[in-house]
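# Geometric and topological summary
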Amino acid sequence: MQLMKNLLIVSATEAEILPLLRFLEANFRTVAQHSFQNERYSVDILISGVGMMSTAYNLGVALARNTYDAALQAGIGGCFDMQLPLGSVLGVASECYADLGAENRGAYIDIYELGFLQKDTYPFTDGKLLNLKPFEAGMGLDLVPAISVNTVSGHSPTIAARAGRYGAVLESMEGIAFHYACLQQQLPFLQIRAISNYVTPRDRDAWQIGLAIRNLNQHLQDFFSK
Ligand SMILES: O=C(O)c1cccc(C(=O)CC[C@H]2O[C@@H](n3cnc4c(=O)[nH]cnc43)[C@H](O)[C@@H]2O)c1
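Reference entry: report on the structure contained in this document. (Residues numbered from 1 in each chain as written. Predicted model: local features only at pLDDT ≥ 70, side-chain atom pairs only at ≥ 80, totals over all residues. Heavy atoms only, no water.)

Attention now moves to the site of the ligand. The full set close to the ligand counts 20 residues, and Glu 171, Met 173, Glu 174, Asn 197 and Arg 204 are the nearest of them. Within the side chain of Arg 204, a nitrogen or oxygen atom sits 2.9 Å from an oxygen atom of the ligand. If the ligand stood free it would expose 600 Å²; the protein chains cover 80% of that surface. In this structure the site holding the ligand corresponds to the largest pocket. (Near = heavy atom within 4 Å. Polar contact = N/O pair within 3.5 Å; in protein donor to acceptor, adjacent residues only side chain to side chain. Areas by Shrake-Rupley, 256 points an atom, 1.4 Å probe, with all protein chains shown as cover. 1 Å grid on protein atoms, 1.4 Å probe; cavity = no way out; pocket = protein on both sides within 12 Å on 5 of 7 lines; lining within 4 Å. Sits in = over half its atoms within 2 Å of the grid points.)

In structure tokens:
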């Protein structure tokens, strides 16, 4: 007999996860608001808010209230690699802070150089939060490095500095909070991001948010339809 898996899906905004919500409403039993079940899965959807602080708080509350077998973070994100098509869906192999530190005129001093955090203090490994055992081995996605920011990169010198320093493929505003909480709880996890925009000087008209949300949610629906 197969045991039911208890999953938490975290999304910053309802818009990013609305198609999956509609799918679950239509195909699963609704047991409470944003809480669904079928024979194989119990799925809670948490709208965590944009940014690391509200994600950390709301995720902490959810993890204190319930016991989960795994957590997914599903959202859109910016991409440093222009060879990857907009709308591509990727998993995240590692996360790191990219704007927690101090400015020194044109230079950036990170939290480690400032001496407030050690690069290898658990759950950090060389300053990164690694996902070494991704949920369902990454759900068929390519796994890439990501950074988290409070301020979306939108100025050429900042973009060049962050791209050079971290070698990341993806940028979001919540990923590190999710990795941190899951690693601390020793909870299997996977962060999934669909590329809504390239990380360039701000050009909101070029963002493909609808395409990214469709592809992200299709990937999740395919997973629950298997
Ligand atoms: O305008 C809309 O219709 C809309 C619908 C759903 C979501 C949004 C967002 O703006 C979500 C913000 C969310 O996206 C992540 N994100 C996207 N691109 C980047 C980026 O280049 N750098 C950092 N974060 C990015 C971020 O995690 C926000 O939570 C709009």
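The next subject is the pairing of strand E6 (residues 89-95). Extensive coverage of E6 is indicated by the burial of six of its seven residues. Sheet analysis places E6 next to strand E10 (residues 143-148), joined by three bridges and oriented parallel. Each residue of the ladder has a partner; that of Gly 91, found in E10, is Leu 143. (Buried < 20%, exposed > 50% of the residue type's maximum accessible area, 1.4 Å probe, protein only. Helix = DSSP H or I, 4+ residues; strand = E, 2+ residues; numbered from the N terminus. Pairing = 2+ DSSP bridges.)

With that settled, the discussion passes to the nonpolar core. Across soluble globular proteins, nonpolar side chains have a tendency to be buried as a group. Within the largest apolar cluster, 29 residues are counted, with the highest numbers of intra-cluster contacts made by Ile 9, Leu 20, Ile 45, Ile 192, Leu 220 and Phe 224. Listing elements by their share of this core, those giving two or more residues are strand E1 (5-11), helix H1 (14-27), strand E4 (41-47), strand E5 (70-79), strand E12 (189-198) and helix H5 (209-225). Element by element, the count of residues in this core is highest for H5, at six residues. Once residues lying within four places of it in the same chain are set aside, the contact partners of Ile 45 are Ile 9, Ile 17, Leu 20, Leu 21, Leu 24, His 34 and Phe 36. Counting 21 residues, the second largest nonpolar core, distinct from the first, contains Ala 62, Ala 71, Ile 111 and Ala 177. (Core = buried A, V, L, I, M, F, W, Y, C linked by side-chain atoms within 4.5 Å. Contact = heavy atoms within 4.5 Å.)

Here we come to the state of the cysteines. By definition, a disulfide links the sulfur atoms of two cysteine residues through a covalent bond. In the structure shown here, the tally under the stated rule is zero disulfides. Here Cys 79 stays unpaired: no disulfide links it, and the sulfur of Cys 96, its closest cysteine neighbor, is 15 Å away. Residue classification places Cys 79 among the buried positions, given a relative accessible area of 0%. By relative accessible area, which is 4% here, Cys 96 ends up buried. (Disulfide = S-S within 2.5 Å.)

Another aspect to go through is the pattern of salt bridges. Considering all chains together, one arrives at six salt bridges under this definition. Residue Glu 136 is joined to Lys 5 by a salt bridge in which the shortest nitrogen-to-oxygen separation is 3.1 Å. Residue Glu 136 is found in the loop between strand E9 (129-130) and E10, and its partner Lys 5 is found in strand E1; the two are separated by 131 residues along the sequence. A relative accessible area of 38% means that Glu 136 is categorised as partly exposed. With relative accessibility at 32%, the residue Lys 5 sits in the partly exposed group. A salt bridge links Glu 25 to Arg 22, with the nearest nitrogen and oxygen atoms 3.1 Å apart. With Glu 25 and Arg 22 both in helix H1 and three residues apart, the pair spans about one turn of that helix. (Salt bridge = Lys/Arg side-chain N within 4 Å of Asp/Glu carboxyl O.)

Note that Arg 193 resides in strand E12. A polar atom in the side chain of Arg 193 sits 3.3 Å from the side chain of Glu 174. Here the side chain of Arg 193 touches Gln 191 through a polar contact of 2.8 Å, side chain to side chain. Not counting residues within four places of it along the chain, the set of residues in contact with Arg 193 comprises Gln 73, Gly 75, Ile 76, Gly 77, Ser 88, Val 89, Leu 90, Val 92, Leu 170, Ser 172, Glu 174 and Gly 175.

A separate point is the layout of surface pockets. Take a probe with the size of a water molecule and roll it over the atoms, and the empty space left behind shows itself. There is about 430 Å³ of room inside the largest pocket. Lining the largest pocket are 28 residues, and of these Ile 76, Val 152, Met 173, Asn 197 and Trp 207 sit closest to its centre. Sorting the residues of the lining of the largest pocket by element identifies H1, E5, strand E11 (170-172), E12 and H5 as the ones contributing at least two each. Examining the composition of the lining of the largest pocket, we find that four residues originate from one element, E12, more than from any other. For the lining of the largest pocket, the residue count by class is twelve nonpolar, nine polar and seven charged. The volume enclosed by the second largest pocket comes to roughly 330 Å³. Taken together, 15 residues make up the lining of the second largest pocket; nearest its centre are Glu 103, Gly 106, Ala 107, Tyr 108 and Thr 158. (Points joined across faces, edges and corners; volume = space filled by probe spheres on them. Nonpolar A, V, L, I, M, F, W, Y, C, P; charged D, E, K, R; others polar.)

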